[in-house]
Amino acid sequence: MSDTAKNITDPIEARYAKLEEAKKRGMNPYAYEFKREHKAGDVQAKYKDLADGAETEDTVVVAGRIVAMRNDGMFIDIEDASGKIQIFCHKASTPAEELEKLDLFDLGDIIGVRGLVRRTPRGELSIRAKEITLLTKALHPLPEKYHGLQDIEQRYRQRYLDLIANEDSRVTLRARSKIISEIRKFIEENWDGVEVETPILHGIMGGASAKPFTTHHNALDNDFYLRVAPELHLKRLIVGGLADCVYEIGRLFRNEGISIKHNPEFTTIELYKTYTDYKDMMRLTEELVQHLAMMLYGTTKIKFGEKEIDVKAPWKRATMIDLVKEKTGVDFLTITDRDAAAAKAKELGVHVEPRWKWGEIVLAVFEDKAEADLIQPIHVIDHPLDVSPLAKTHRDNPILTERFESFINGWEIANAFTELNDPVEQRKRFEAQVAAREAGDDEAQMLDEDFVTALEVGLAPTGGWGMGIDRLVMLLTDSHNIRDVICFPTLKPKK
RNA sequence: GAUCGCUUAGCUCAGCCGGUAGAGCAACUGACUUUUAAUCAGUAGGUCGAGGGUUCGAAUCCCUCAGCGAUCACCA
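S.K.: Where do I start with the overall build of chain A in this structure?
M.R.: Scanning chain A from terminus to terminus reveals 14 helices and 20 strands. Relative to the compact-globule value of 23 Å for 495 residues, chain A shows a C-alpha radius of gyration of 29 Å, a clear excess of over 25%. Expressed along its principal axes, the backbone C-alpha trace of chain A runs to roughly 90 × 55 × 50 Å. Within chain A, contacts between residues separated by at least 24 positions form 66% of all contacts whose residues are at least 6 apart in sequence. With the model as given, the accessible surface of chain A reaches about 23900 Å², and the carbon-plus-sulfur share is 50%. When the 69 basic and 85 acidic side-chain charges of chain A are each reduced to a single mean position, those positions are 5 Å apart.

S.K.: Honestly, the sheet that holds strand β9 (residues 222–226) in this entry has me stumped. Any pointers?
M.R.: Whether parallel or antiparallel, the strands of a sheet pair through hydrogen bonds between backbone atoms. Taken together, the three strands give an open sheet; going across it, the order is β7-β9-β8, and neighbouring strands pair in antiparallel fashion. Whereas interior strands pair on both sides, the edge strands pair on one side only; in this sheet they are β7 (201–202) and β8 (214–217). With two bridges joining them, β7 and β9 adopt antiparallel strand pairing. Along β9, the bridge assignment pairs leucine 201 with leucine 226.

S.K.: Quick question: what am I supposed to make of the protein's contact with RNA strand B here?
M.R.: As a matter of local geometry, RNA strand B sits amid 47 residues, with Arg122, Glu153, His262, Arg471 and Arg483 nearest to it. Here RNA strand B approaches the protein such that, of its atoms within 4 Å, sugar and phosphate make up 60%. Lysine 211 places a side-chain nitrogen or oxygen 3.1 Å from a sugar or linking oxygen of RNA strand B. Between a sugar or linking oxygen of RNA strand B and a main-chain N or O atom of glutamate 412, the distance comes to 3.0 Å. At the level of secondary structure, the elements contributing two or more residues to the surface near RNA strand B comprise α1 (11–24), β3 (83–88) and α4 (152–157).

S.K.: Explain the nonpolar core to me, please; I cannot follow it from the model alone.
M.R.: Within soluble globular proteins, side chains that are nonpolar generally end up buried alongside one another. Judged by nonpolar contacts, the single largest core of 42 residues is most densely connected at Ile183, Ile269, Trp465, Met467 and Leu472. Counting residues per element, this core draws most heavily on helix α8 (residues 278–297), which supplies eight residues. Aside from chain neighbours lying at most four places away, what touches tryptophan 465 is Ile187, Ile269, Glu270, Leu271, Met281, Leu284, Thr285, Leu288, Phe404, Ala414, Asn415 and Ala416. Counting residues in each nonpolar core, the second largest holds 28 residues, with Ala341, Leu363, Ala364 and Phe407 among its members.

S.K.: I would appreciate a short explanation of unusual backbone geometry in the present structure.
M.R.: Among all residues except glycine, the phi angle is most often negative; among peptide bonds, the trans geometry is most common. Proline 314 follows alanine 313 through a cis peptide bond whose omega is -5°. Structurally, proline 314 can be placed in the loop between β13 (307–310) and β14 (316–319). Despite not being glycine, aspartate 478 has its phi angle at roughly 55°, a positive value. A relative accessible area of 34% means that aspartate 478 is categorised as partly exposed.

S.K.: Help me out: how do you make sense of the pairing of strand β20 (residues 462–468) in this one?
M.R.: Strand residues, when the strand is regular, have side chains that alternate between the two faces of the sheet. Burial within β20 is extensive, with six of its seven residues counted as buried. Of the strand pairs in this sheet, strand β11 (residues 265–274) and β20 are connected by seven bridges, and their pairing is antiparallel. Counterpart to glutamate 270 in the pairing with β20 is glycine 466. Bridge count between strand β19 (residues 411–418) and β20: five bridges; the pairing is antiparallel. If you follow threonine 418 over to β20, its bridge partner there is glycine 463.

S.K.: Is there a simple way to explain the packing of α8 against helix α14 (residues 469–477) in this structure?
M.R.: Packed helices, taken two at a time, are described by the angle between their axes plus the distance between the axes. Packing of α8 against α14 leaves a shortest axis separation of 11 Å and a crossing angle of 45°. For the element pair α8 / α14, the angle class is oblique. Classified by chirality, the crossing of α14 by α8 is right-handed. Here Val289, Leu292, Ala293, Leu296 and Tyr297 of α8 come into contact with α14, specifically with Leu472, Leu476 and Thr477. Taken together, the residues of the contact of α8 with α14 break down into seven nonpolar, one polar and no charged.

S.K.: Help me understand the domain arrangement of chain A in this model?
M.R.: One widely used convention gives an interface's size as the accessible area the parts lose upon coming together. As assigned here, chain A comprises domain 1 (3–136) and domain 2 (167–315 + 377–485). Distance between the C-alpha centres of domain 1 and domain 2: 48 Å.

S.K.: Can you walk me through the packing of helix α12 (residues 423–438) against helix α13 (residues 449–458) in this structure?
M.R.: The N-to-C vectors of α12 and α13 enclose an angle of 160°; their axes lie 9 Å apart at closest approach. In terms of orientation, α12 and α13 fall into the roughly antiparallel class. Relative to α13, α12 is oriented so that their crossing is right-handed. Mapping the contact onto sequence places Pro423, Gln426, Arg427 and Phe430 in α12 and Glu449, Phe451, Val452, Leu455 and Glu456 in α13. Grouping the amino acids of the contact of α12 with α13 by side-chain chemistry returns five nonpolar, one polar and three charged.

S.K.: Sorry if this is basic, but what is going on with α8 here?
M.R.: An α-helical turn contains 3.6 residues, so any two residues separated by three or four positions project in the same direction. With 20 residues, α8 ought to run about 28 Å at 1.5 Å a step, and its terminal C-alpha atoms sit 29 Å apart, in line with that. By the burial criterion, the buried members of α8 are Tyr278, Met281, Met282, Leu284, Thr285, Glu286, Leu288, Val289, Gln290, Leu292 and Ala293. Where α8 starts, the residue carrying a side-chain oxygen 2.9 Å from the main-chain nitrogen of lysine 279 turns out to be aspartate 277.

Conventions used here
Residues numbered from 1 in each chain as written. Chains lettered and ligands numbered in written order. Predicted model: local features only at pLDDT ≥ 70, side-chain atom pairs only at ≥ 80, totals over all residues. Heavy atoms only, no water. Helix = DSSP H or I, 4+ residues; strand = E, 2+ residues; numbered from the N terminus. Rg over C-alpha atoms; globule rule 2.2 N^0.38 Å. Contact = heavy atoms within 4.5 Å. Areas by Shrake-Rupley, 256 points an atom, 1.4 Å probe, with all protein chains shown as cover. Lys, Arg positive; Asp, Glu negative; His and termini not counted. Charge placed at Lys NZ, Arg CZ, Asp CG, Glu CD. Pairing = 2+ DSSP bridges. Near = heavy atom within 4 Å. Polar contact = N/O pair within 3.5 Å; in protein donor to acceptor, adjacent residues only side chain to side chain. Core = buried A, V, L, I, M, F, W, Y, C linked by side-chain atoms within 4.5 Å. Buried < 20%, exposed > 50% of the residue type's maximum accessible area, 1.4 Å probe, protein only. Axes fitted to C-alpha atoms, helices over the stretch in contact; angles between N-to-C directions. Parallel < 35°, antiparallel > 145°, perpendicular 65-115°, else oblique. Left-handed = near helix turned anticlockwise from the far one by under 90°. Nonpolar A, V, L, I, M, F, W, Y, C, P; charged D, E, K, R; others polar. Domains from an automatic or database assignment. Expected span 1.5 Å × (residues − 1).

Written out as structure tokens, the structure is:
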């Protein structure tokens, strides 16, 4: 060991000392470049059949982070994004000036290695080092090697440490990326989807029932809402004929509680396609989810904790009214009087707000009594009109709409409808929302005059669809907390 | 927002009915050398989340605060 680094037992100080020593020896501890020629995972795959104890003359050049050192650096595990490989440094085959560098290395350092591929007698594929280069000195100690990083708060606040230490986190977040890119591919290949980007700063809150974040633009001296849904802008693009099918994948913001299923900013996809209706959107939902499960696991049967969920299409369909009837014995289609419905709901032990209309009461009973049991995929269809201000009135029943929500594992994962395109009717629905807002419903929507104008210009018959991507990723990766599928979940800033 | 719980070394965790701080990993010094959480011997490392209180004495009991978690409420 060098004099500078000698006898320093503080892990961080020792690393600084080694950093200085490396400089003193003419090395750049933050190298400008390194011509990596091979990834660890590719080497592992290529030499998968190399026999135990076999030596090759094949030279490889790899680079990665030191994640383990054994026998005083004789064995070093390095890891890159593709995998891990062992570096073998032995005085019989590694030049002495290279071996001297081992003194300066710590867990977490990033090094480059040129050497020969071999497999040890014990069966570990290794690189017999000929040349080792320090590429980036790590000044911060790594989490404990066996247990990884367990502290939940630190895992989210310092995700970089979590990713280095915990393979599960890497697997999940990589799966998320794969799922999203596969969704794009599926939508573009099978639905002629054209991806668009609509504003996040909204002057008027609309498109969903939710509490918004507000912000302020200084130059315009105007408050804006962060969008709670992209719906109204996407339909404007359909009106304009930008494409027959537009979709947007992006972040929504809702100023509501945080839980294992809710993050204040979350990602959805919304899609609109002319000359389709809600039945087509059911097909889209089940075919897409089935496709993603097949891509990831080669089967439609996915595991979520102890549960096995089969996402094979087609999925079961049931009306919201029928599901409520099944669970409670009450048929709300025969109780369309608001007060009678409220009385019945209270009888069932469901809390009812005085301002609620028939549809809100039915929805509350559904959420209370039926939702949690919807484990296997199901499309819940024909929502009350009162709770669906942007959906087209059901062709067979004026108090319902052509809408569905898809549930898996008791969670709503998709929401879609035949789009309301009658501007006069839409204005009435908005006015009902405004009245609800004035009556104290702070999640009710606002009247968007320009959107009504767009409908006056004419929206072709159109089906619309939205899906929560975070929850879908949770289901597909057996993740039980939404934070596990978000790189940087919302946390209170630490003081 | 409410209730309950957690916070001890860089990391993972012990620490009982209040008696003055422990282990493993990581670090450091050596030994050993084809290891797989390498092994062996030794060294160093702490304002016990913050502040206040009770007490001769507090990591431990009480209060306040902060962060985090679980459940509930709201919601996707």
